[in-house]
Amino acid sequence: MQLVIVESPAKAKTIEKYLGSDYRVLASYGHVRDLPAKDGSVDPDAGFAMEWENYADKTRQLKAIADEAKHADRLILATDPDREGEAISWHVQEVLRARKALPKDVQRVTFNAITKPAVTAAMAAPRELDTDLIDAYRARRALDYLVGFTLSPVLWRKLPGAKSAGRVQSVALRLIVDREREIEKFVAQEYWSVIAQMEHDGTPFAARLVTWKGQKLDRLSIGNQGDALAAKADVEAGRFTVQSVETKPATRNPPPPFTTSTLQQEAARKLGFSADHTMRIAQGLYEDGAITYMRTDGVQMDGSAISAARRAIADRYDAHYVPDAPRQYQTKAKNAQEAHEAIRPTDFGKDRVGSGDHARLYDLIWKRALASQMASARLERTTVEMADGTGRNVLRATGQVVMFPGFLALYEEGTDDTQDEEARRLPRLREGDSPAKKAVDAEQHFTQPPPRFSEASLVKRMEELGIGRPSTYASIIKTLKDRGYVRVEKNRFFAEESGRLVTAFLERFFEKYVGFDYTAELEEELDDVSGGRAQWQKVLEAFWRDFKPRTAEVMEQQPSAITAELDQFLGDYLFPEKADGSDPRLCPNCGEGRLALRGGRFGAFIACSNYPECKFTRRFAQAGAADGADTGPENLGKDPATGLEVERKSGRFGPYIQLGEGKDAKRASIPKDIGELDLEWALKLLSLPRTIGNHPETGEPITASIGRYGPYLAHSGKYARLQSTAEVFETGMNAAVAKLADAAAGGGRPQRGAARAPLKELGKHPRTEAEIKLMEGRYGPYVTDGTTNATLPKSITPEALTLEEAAQLIDARAAAAPAKGKAKKKAPAKKAAAKPAAKKAPAKAAAKKAPPKKAAG
C-alpha cells in the first residue's frame, strides 16, 4: 500500500479518484506543528535551534497518518508546490520519524493542477524533499518569531495600549500611515477648467480650452472664478473651426495571466474581494481541479495550455483574434524562485465553474488567461484643435477609436485611481469643420491629495517595494485589521490612532527595521536561501547581531523618556500651527499649562502640565480632529442634592459624565441617541437604575437602566429590551409588565423552540441559497442560515454588515465546526475537524470628494 499525504480533505478526495486501489490518500489539514508561543522556542545561542510542538487539534489526524504509515510500503508527500507546501511535507516526515512510523521509501511529488494528467505525471516523476525551501521556511519562521517575541514585549511595557509588531506587518502599516501624513500635509489649490460641449454629425463630445488670449494654459492657469467666467464668455462668443486633426495609430497588448499579486489586485478592483477572501476562493477552485496553483510569481503558461487557449479563441472568435505566434511572458519579479505557472483554468473549454463568488473569480481568471493569448487591440488616437476667428482662443478634444478590439473584446484590465481622457470617443472630424457648440461650462476644481490605499493599490505598492511576498499579503492585511491598527471605509485604508502611535514608536526607536529598503533586502536574502545561494543561520545571525542589542537598549529606557521622545517626534501632528499664530501647546482650559503627550494604562493621551490643578485631557489625535477635539472636561453645572460638579469627559470607551472626584466619583456613559446633553439629562443618567415600582404579581421591584447592549428593564432575574434611552425614564408600570411578559414569551431571551424576530433579513446565501438573517443573541448579534450560527466579530458593526460578509462568516463557522455524528472507525482520517477558517475582514473605505462647483452663466 502507498500512502499519499496532501493538505486538505477536498484535495485528498479529488486525488484519490485519479489513483488506483493501491493508494491511500490522507489530509494533514494544513500545518501539523509550529513553534510554541512561548520564550525559548527559538534559541539563537544554539544555532537558532527550534522547538516544534504538534497542534493539539491535529492529534487524531496525526495518529491516523501514523497508523497508515506503519503499514505503507511508500510514503508520497504531495503537498502544495511552494515553500509552505514543502514545509508541511517536512513536518509530516519529522513527526512520523519521531513516532518510528516513517516508511523506508519516502518521496515528494508536486503538481501545478489537480487534474488526472497532472497528478499521474507527478507520480511518475518523484523527487526528494527540497532542503533549500525547507531552510527558507525555517529562516522566515524563526525571524518572524524572534521579531514578535522580542519587539512586542518592548511595545507592551513602553507603549501602553500597543498590541504587537511584526517584521513585515509593521512596514505595511508604515505605508498606510505615511500616506495619511501626506494627505494631512496637502494644501488644496483652486483651479478652473472651461469645457465646451460640442456636437458633430449627431455625436456629442467635449473640448477643453487650452489657449486663452494667445496664452497656453496648463491645469492651474485659471485660478479664480473671475478669470474662469471671462474665459467662458470668450468661448461662448467665438465660432470655432477645426484647425488641425492629428491621428496616430496605437497598439495595446494584452496583460499576462494572473500571478498571486495581480489576482488579488484585480479581484479587489472588479469584484470588491479582500485579498484574504480572494485566496480562500482561489484555494477552493484549485482543490476542485478548476485552476492551477494560486500561489505563484510566474506569468508563463505551459505549452499545452497555450495551445488549448488558442483553440478556444478560434472557436469563440474568428481567426483574426488569434495571433500568428503564441505569446510568451517572462516574470519581472525578483528572485521568483517559486515561479510556477501563472494562474489559469485547467480546461479552457469551461467558461463557467461553480456559483456565487467561486463563479465570479473563475470567470475573471478564465478571461484574463484567455485574453493573454489573443491578438493585440488596434487603436487610432486622435487630437483635434479648434480655434475661433481671432486664433487666440483654442479648444482641444482628444479621444480614440478602436479599429480592431482584439483582446478587448473579452477583457480589459482595471485601474486603481486613474482615468484615461484619451479613451473618449470622438466623431470623425476634418480641417475646416465647425462643430455645433451646445454649451460652455466653467467648473471649479481643487487639487487632490494622493488617494488612500485600497487593498489593490496596497498590494501593488508592497510588491513594487519588494516587501513581503505575494503569498503573505492577505495575512499581513488581515493582521493589520485584526489588531485595530487600521480601519477600512469605502474600500480605503485609514490609519487608526493606535496604528499611528506604533508606527511613530518604531520609526523613532527601530527606524532601520521599518525601512522599506532594509525590509526588501532582507526578503532578497531569504529568497537567496530558497535558491541555495545563502545559509539560513548566517542570515539570522546577521539580523540578530544588531536587533537584540537595540531592543535591550530601548527596554532599559523609562516609559516617561519614551513618551517625551514621541512627544517631540509627533509634535507637528499632535500640535499643528494655529491660524491665529498662538501657541498650539497652550492649554485651552487653564490658559497657562502646556500640553504634552502622556502614557496611561489604556494608551497615550494629551494632558496639561498643570495636572492635577488642571484636568484637561484629550485623546491621542491631531488637535481639531473629529475624534480628538480640544474640548477637555466640560462643566455642566452642580448637582443640587450634593453640590458636586457634574462634568462631561472623554474616556477610552467614549464620552461619559462624572459626578465628584476620586474613587467615590459616580460615572455614567452617554448614550448615542441623546441629542444635546445638559445638566438635566446628566443627572437623570447618573440616577440610574430607576425603580418603576413593584410587580403586581410578585411584589419584586421592576427597574429600568442602560447596560452594555442598550436600555432594558429588569425584574427578578428577567430582562426586556427597551428601544431608546427616553423609554428608560418614561416607561410606566403597565407598559413594563407587558414588555416583561412579551420577553418571557420570546421577545427577550427566547425560550426553547420560541421564534425571535430577526434584526435584519440579509437575503439568500450566494452559494447555498439559504436565507440569512441577523439576530440578537445573549452574547451579542449573530448571523444564521437556519443551520449554522456565526457570531459577528467586533470589527463588523451590525448596521454595516453586508450579505457577502454574513455568508463568509457562516462558511467559516461551518468549516470550523466538528462534524455531527460519529465517523466510521475504519476511516479515522475522516474524523478530523477542518482547520478553522480565517475570519472575514470588514468591508473597505475611501474619502468622499466634494462635488465640483459650476459657475453661473
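What counts, and at which threshold
Residues numbered from 1 in each chain as written. Predicted model: local features only at pLDDT ≥ 70, side-chain atom pairs only at ≥ 80, totals over all residues. Heavy atoms only, no water. 1 Å grid on protein atoms, 1.4 Å probe; cavity = no way out; pocket = protein on both sides within 12 Å on 5 of 7 lines; lining within 4 Å. Points joined across faces, edges and corners; volume = space filled by probe spheres on them. Helix = DSSP H or I, 4+ residues; strand = E, 2+ residues; numbered from the N terminus. Contact = heavy atoms within 4.5 Å. Pairing = 2+ DSSP bridges. Axes fitted to C-alpha atoms, helices over the stretch in contact; angles between N-to-C directions. Core = buried A, V, L, I, M, F, W, Y, C linked by side-chain atoms within 4.5 Å. Buried < 20%, exposed > 50% of the residue type's maximum accessible area, 1.4 Å probe, protein only. Phe/Tyr/Trp six-rings, centres within 6.5 Å; stacked < 30°, edge-to-face > 60°. Lys NZ or Arg CZ within 6 Å of the ring centre and 35° of its normal.

Visitor: So what about empty space enclosed by the protein? Which residues, and what values?
Guide: One pass over the structure, following the stated rule, counts three cavities of 30 Å³ or more. Within this model, the second largest cavity holds a volume of roughly 110 Å³. What lines the second largest cavity is a set of 14 residues, and nearest its centre among them are Val-147, Gly-166, Arg-167, Tyr-513 and Val-514. When residues of the lining of the second largest cavity are assigned to their parent elements, the largest contribution, three residues, is made by helix α15 (residues 516-530).

Visitor: Before we move on, could you go through the environment of Tyr-55 and cite the residues and values that matter?
Guide: Mapped onto the fold, Tyr-55 is located in the loop between β6 (53-54) and α2 (59-70). In this structure the C-alpha to C-alpha distance between Tyr-55 and Leu-35, which are 20 residues apart in sequence, comes to 9.7 Å. Each residue touching Tyr-55, except ones within four places of it in the same chain, is listed here: His-31, Val-32, Arg-33 and Asp-34.

Visitor: Tell me about the sheet that holds strand β1 (residues 2-6), and please be specific about residues and values.
Guide: Spatially, four strands are ordered β2-β1-β7-β8 in an open sheet, and the strand pairing comes out parallel. Only two strands of the sheet have a single partner each, and these edge strands are β2 (23-27) and β8 (105-108). Sheet twist, expressed as the mean angle between neighbouring strand axes with direction ignored, is 20°. Here β1 runs beside β2; their pairing, made up of five bridges, is parallel. From the neighbouring strand, Val-4 faces β2, where its bridge partner is Val-25. Sitting on the sheet, helix α1 (residues 9-18) touches β1 and β2, and the angle it makes with β2 is about 165°.

Visitor: Tell me about the sheet that holds strand β19 (residues 603-608), and please be specific about residues and values.
Guide: Read across the sheet, three strands follow the order β18-β19-β20 without closing on themselves; strand pairing throughout is antiparallel. One side of each edge strand has no neighbouring strand; the edge strands of this open sheet are β18 (595-600) and β20 (617-619). Sheet twist, expressed as the average angle between the axes of neighbouring strands with direction ignored, equals 35°. The pairing of β18 with β19 spans six bridges and is classified as antiparallel. Each bridged residue has a counterpart across the sheet, and for Gly-600 the counterpart in β19 is Gly-603.

Visitor: Requested: an account of the side chain of Thr-278, with residues and values cited.
Guide: Considering the arrangement of structural elements, one finds Thr-278 in helix α9 (residues 275-287). Excluding residues that lie within four positions of it along the chain, Thr-278 makes contacts with Leu-263, Gln-264, Ala-267, Phe-273 and Leu-361.

Visitor: I'd like a description of the nonpolar core, backed by residues and values.
Guide: With 157 residues, the main nonpolar core has Ile-291, Leu-361 and Phe-505 as its most contacted residues. Of the residues forming this core, the biggest block, 12 residues, is contributed by helix α5 (residues 131-158). For Phe-505, the residues in contact, after removing those within four places along its chain, are Val-154, Leu-155, Lys-158, Leu-159, Phe-510, Val-554, Ile-562 and Leu-566.

Visitor: Run through the packing of aromatic side chains, naming residues and quoting values.
Guide: A full pass over the atoms with the stated rule returns 16 aromatic pairs. Ring geometry for Phe-505 against Phe-510: centres 6.1 Å apart, planes inclined by 50°, an arrangement best described as tilted. Across the pair, exposure class does not vary: Phe-505 and Phe-510 are buried alike. On the basis of an interplanar angle of 85° and a centroid distance of 5.5 Å, the ring pair of Tyr-513 and Tyr-518 is categorised as edge-to-face. For Tyr-513, a relative accessible area of 13% translates into the label buried. Here the aromatic residues Phe-505, Phe-509, Phe-510, Tyr-513, Tyr-518, Phe-543, Trp-544 and Phe-547 are joined through ring pairs into a cluster of three or more. Taking NZ or CZ as reference, Arg-550 lies 5.9 Å from the ring centre of Phe-510, over its face.

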